[in-house]
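Commentary on secondary and tertiary structure
The residues making up each chain are set out below.
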Amino acid sequence: MSSFDVIFIGGGPAGYVGAIRCAQLGLSVAVVEREALGGTCVLWGCIPAKALLEAAALANRVRHAGEFGVQVGEVRFDYSVAMKRSRAVSSQNSKGVEFLFKKNKVTHIKGTAKLSGKNAVLVKTADGKEEKHEAKKGLVVSTGSRVKGLPQAGLELNKTTVISSDEALVLERAPKTMAIVGAGAVGCEFADVFNAFGTAVTLIDIAPVILPLEDADCSAELAKAFKKRNIEVLTGAKLSDVKIGKSSVKMTVESGGKKQALEVEIVLVAAGRAPNIDEIGLKEAGVQLSDKGFVKVNERMETSVKGIYAIGDVAGPPMLAHKGSREGVVLAEVLAGHKTHGINYDNIPNATYCHPEVASIGLTEQQCKEKKLDYKVGRFPFSANGRARTSGETDGFVKIIRDAKYGEILGAHIIGAHATELIHELAVARENEFTVEEVDLAIHAHPTLAEAVAEAALDSLGKVIHA
Amino acid sequence: MATKVVMEALSPTMEEGRLVKWNKNEGDAVKSGESLAEVETDKAIMELVARGDGVLRKRLINEGDTAPVGQLIAVIGAADENIDALAGGGAAAPQAPAAAQEVEPGAAEQLPQEGAAPASPAPPAQERPRDARTSVPDDAAQSQGEASTPPQERDRTGAERTSTGSQGATLAIGSSEPGDRVRSSPLARKLASERGVELGTVQGSGPGGRIVKKDIEEAATRPKGAPAPAAAQGAPAPVAARRISAEGDYQDIPLTQIRKTIARRLAESIGPVPTFYLTAELDVERVAEMRDSMIELGAEYKVSFNDIVLKAVATALQQHPEVNAHWLGDKMRYFNRVHIGMAVAVEDGLITPVIFDADTKGLADISRESRELAKRARDRKLKPDEYTGATFSVSNLGMFGIEHFTAIINPPEAAILAVGGVEERVVAVDGAPAVRKRMNVTLSCDHRVIDGATGAKFLQTLRRLIENPLMLVY
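First, a word on what this report is: a plain description of the structure on this page.

Rules behind the numbers
Residues numbered from 1 in each chain as written. Chains lettered and ligands numbered in written order. Predicted model: local features only at pLDDT ≥ 70, side-chain atom pairs only at ≥ 80, totals over all residues. Pairing = 2+ DSSP bridges. Helix = DSSP H or I, 4+ residues; strand = E, 2+ residues; numbered from the N terminus. Axes fitted to C-alpha atoms, helices over the stretch in contact; angles between N-to-C directions. Parallel < 35°, antiparallel > 145°, perpendicular 65-115°, else oblique. Left-handed = near helix turned anticlockwise from the far one by under 90°. Contact = placed C-beta atoms within 7 Å. Nonpolar A, V, L, I, M, F, W, Y, C, P; charged D, E, K, R; others polar. Buried ≥ 20, exposed ≤ 12 C-beta atoms within 10 Å, placed from the backbone.

Moving on to the sheet that holds strand 5 (residues 45–49) of chain B. All names here are of chain B. The strand order across the open sheet built from four strands is 5-4-2-7, with neighbouring strands paired in antiparallel fashion. Each of the sheet's edge strands pairs with one partner strand only, and the pair in question is strand 5 and strand 7 (66–68). For this sheet, the mean angle separating the axes of adjacent strands, direction not counted, is 40°. Here strand 2 (residues 16–22) runs beside strand 7; their pairing, made up of three bridges, is antiparallel. Counterpart to R18 in the pairing with strand 7 is T66.

Quick look at the structure:
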């Protein structure tokens, strides 16, 4: 048995970032992780998916290379190569976390942990041994979440014809046909990837629009772009007569008042994730859960049991890597006795990396209406932006919603090339309570896509220049 | 690599700490987790532990000195490591806090307005908190040379300049000297100018004490000139009597951290909290009978009147969440759980340890806990989480022979119950005079949360429980 100040259960973006910061603040730290370090983000989510999306983007660029005067010979797309590269990028990143652990003297205990009393964990290692480790200052549950199928819709995952993103990331080839059920960020990203690699994709969601959590204008713009690329989008959809076969899945989809029969090689279920709360001894320790099944925590990441903390996906939505990482940092400061600044959960950016990219922060226009806020909207299309024209990526726009009286940035929504990078200007602005005027006053270099952000801010004041 | 030892926030409301005793000498080997020093916070004496291994190379403040949270107070390093850069940077540090403690208006007003204490407009900057950076010489020099400092230099400190907010919102400085800087967000400045809030009168809650939107919104709902209510919890009501010295005409007594906190918070409370008082005389004949019959069963069943009062209050609060409440500036918070703060007199003040979930505890638990907490309070051994988190407080001065008194609300709590002593009085019972044991209670209510009838209903419930203590087992 060894003794640490802090033990994290789970080495994903919440746990590993929290662990490193704890070590930097002088605490002795261990992370129990059964897989490689990095969690869903590095191994089965953000990173490998983005590697595939880059492949998809390149495939789409190459298709238009001729317009730029670049003649390429015969172009062939091989998903297995893209997949292998994606795995290599993923494992590189995981090794990067290992390196950071060594550098900061964070101990990685390989195995499966279970809470044992209020300040210890029992770890079952790969070779079946059990060892007990003590945490003097805090035990941190950072076990993350996992994909769950849609058994209620008849779509139990079978890993061959009904798969989750986990399997999609390691497919050897792109199937000829695929239905993606769930048109949130994950669904839209995979629709983008498989479409680029030649799969006939049908994107299905029960919600009336795709990316239902985003501003309705962005959802509509993305649906338009997807349709242009022959991705079939069926929203407000109901599934029935699902028949799962060995090499295909048949189902009936009702959408827009029309019923149609659909037969695809693979159904990718991209709806919903469940927190990993089982088999870690939460119940025995008396840790309370929320009614949605997440671990209940306060703003100091404390659970209902003193000395046990929770961060990341397992501690509640939004289930985003960057939210988990920030919670890890805050927790480290709490444990080290430093003054810490609470997390502003209203200011967490959302990012979807399909093409065009979609990114947002703050309230959508729908939400502003529901809250009966007095607001003004500024908008600037990339088709009027010089830099977007040079690269031929003129889809999309920047939309900024501001408070009518004081100019507070209530929400910002960007759809277009590099939207996920551009959103951070507005994240910084909102965190510091800059208004649309400060955004405009900051001089933006020309020609850049970021000029569209400044123009949208100006447009909200009725002073747009380039449109 | 050398490890900086800084004054840590050892309690949720701590802004500065007084170094009571160094537990390590310069040159001693220290290990991470070992106690370096004892520090008096605003509430208790706590240990400051090392956050790194090595040798305690340099102590930068002396025993008895006060340092703001975040200030460098020592350096841990390898025995042969050159720490001049670190230790040098803090060498001048003891000066600053010493000056601050003596309340030197001139010096204090040079400092940026930061931290968590309220900045009241009336008395100028003396009580104004400072953050760690204010004692760093280079920053201090900068404040001194404000007028001649080039703008780029000023930006390095992160301070807001009036010109950044060019939307017409002027940077109001309030009662501060011209050299003082008020950190605020552009949105906060706009809101402030529109709503007529002077930035200098607002306490910032953003990073480094920056004034943000929420602070202005809170300030705008307060009557003009009223100081900000503190968000944190602290010591409430009555102040213990001070000894008068026989030597000379007077004796100056330095302010301890707890005394400073009491002074600051009581002043806050009597000012902005619109308080009214409800008094009731309760018949405690049955409580006395119950207590006596419990004692007859054995000394181990002995409980105090106050224990029974606490139990009754907890039970009543459970039925009256509108009294078991906090005023939070932009909202009221009714609590479902009942955590009773119990005022305990200590040598140089008072503190309110908390009996958590008192409504779910039996008399035995309440009695044992209140005894233990009171003892630990007197020994100054309470941990921060033992004296924060109360939803309602009770103060009992019966043991001092007080019949009736009013207690001052401990913000953000919305009420406090003052309990007087039990005494025999002649009262009319069924039309004939009779001698009964009686006890006065007075509920101080924050009218922003509790209305007269609401408070009265709570006291009705309390009366039913105290006068019929069997209801406590119902």
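Alright, that's what it looks like, and here's the rest.
With that settled, the discussion passes to the packing of helix 1 (residues 13–24) of chain A against helix 4 (residues 79–104) of chain A. Residues and elements named next belong to chain A. Contact geometry for helix 1 and helix 4: axes closest at 10 Å, N-to-C directions at 20°. For the element pair helix 1 / helix 4, the angle class is roughly parallel. At the point where helix 1 passes helix 4, the crossing takes the left-handed sense. Listed contacts from helix 4 to Y16, I20, A23 and Q24 of helix 1 are V97, L100 and N104. The residue makeup of the contact of helix 1 with helix 4, split by class, is five nonpolar, two polar and no charged.

This paragraph deals with the pairing of strand 15 (residues 266–269) of chain A. Residues and elements named next belong to chain A. The side-chain alternation of strand 15 yields two buried faces, one formed by I266 and L268 and the other by V267 and V269. In this structure, strand 9 (residues 177–181) lies alongside strand 15, joined through four bridges in parallel fashion. Within strand 15, the position partnered with A179 by the bridge is V267.

Here helix 6 (residues 186–195) of chain B lies mainly inside the structure; seven of its 10 residues are buried. Looking at helix 6 of chain B, one finds that the buried residues are P186, L187, A188, R189, K190, L191 and A192 of chain B. Among the structural elements, helix 13 (436–441) of chain A together with helix 7 (213–221) of chain B are those in contact with the buried residues of helix 6 of chain B. Positive backbone phi, approximately 70°, marks G196 of chain B, located one or two places after helix 6 of chain B.

A separate point is the interface of chain B and chain A. Taken together, the contact pairs 18 residues of chain B with 14 residues of chain A. Top element by residues in the side of chain B that touches chain A is helix 6 of chain B. It accounts for five residues. Residue composition of the side of chain B that touches chain A, by class: nine nonpolar, five polar and four charged.

What follows covers the packing of helix 3 (residues 46–63) of chain A against helix 4 of chain A. Residue and element names in this part refer to chain A. Between helix 3 and helix 4, whose axes approach to 8 Å, the crossing angle comes to 140°. Judged by the angle between their axes, helix 3 and helix 4 are oblique. Crossing handedness for the pair helix 3 and helix 4: right-handed. Here I47, P48, A51, L52 and A55 of helix 3 come into contact with helix 4, specifically with A82, R85, S86, R87, V89, S90 and N93.

A word on the sheet that holds strand 10 (residues 200–204) of chain A. Residue and element names in this part refer to chain A. One open sheet accounts for five strands, arranged 8-15-9-10-11; its pairing is parallel. Looking at the sheet topology across the chains shown, the edges are occupied by strand 8 (162–163) and strand 11 (232–234). Note: strand 9 against strand 10, five bridges, orientation parallel. When the sheet's bridge partners are listed, I180 is paired in strand 10 with L203. Taken strand by strand, helix 6 (residues 185–196) contacts strand 9, strand 10 and strand 15, and its axis lies near 170° from that of strand 10.

Structurally, E408 of chain A can be placed in the loop between strand 21 (397–403) and strand 22 (409–416). Placed 33 residues apart in sequence, E408 of chain A and Y375 of chain A show a C-alpha to C-alpha distance of 9.3 Å. Setting aside anything within four residues of it in sequence, one finds E408 of chain A in contact with R402, D403 and T435 of chain A together with L187 of chain B.

Residue and element names in this part refer to chain B. On the secondary structure map, E424 appears in strand 17 (residues 415–429). C-alpha separation for the pair E424 and R436, spaced 12 residues apart in sequence, amounts to 5.3 Å. If sequence neighbours within four positions are ignored, E424 has contacts with V435, R436 and K437.

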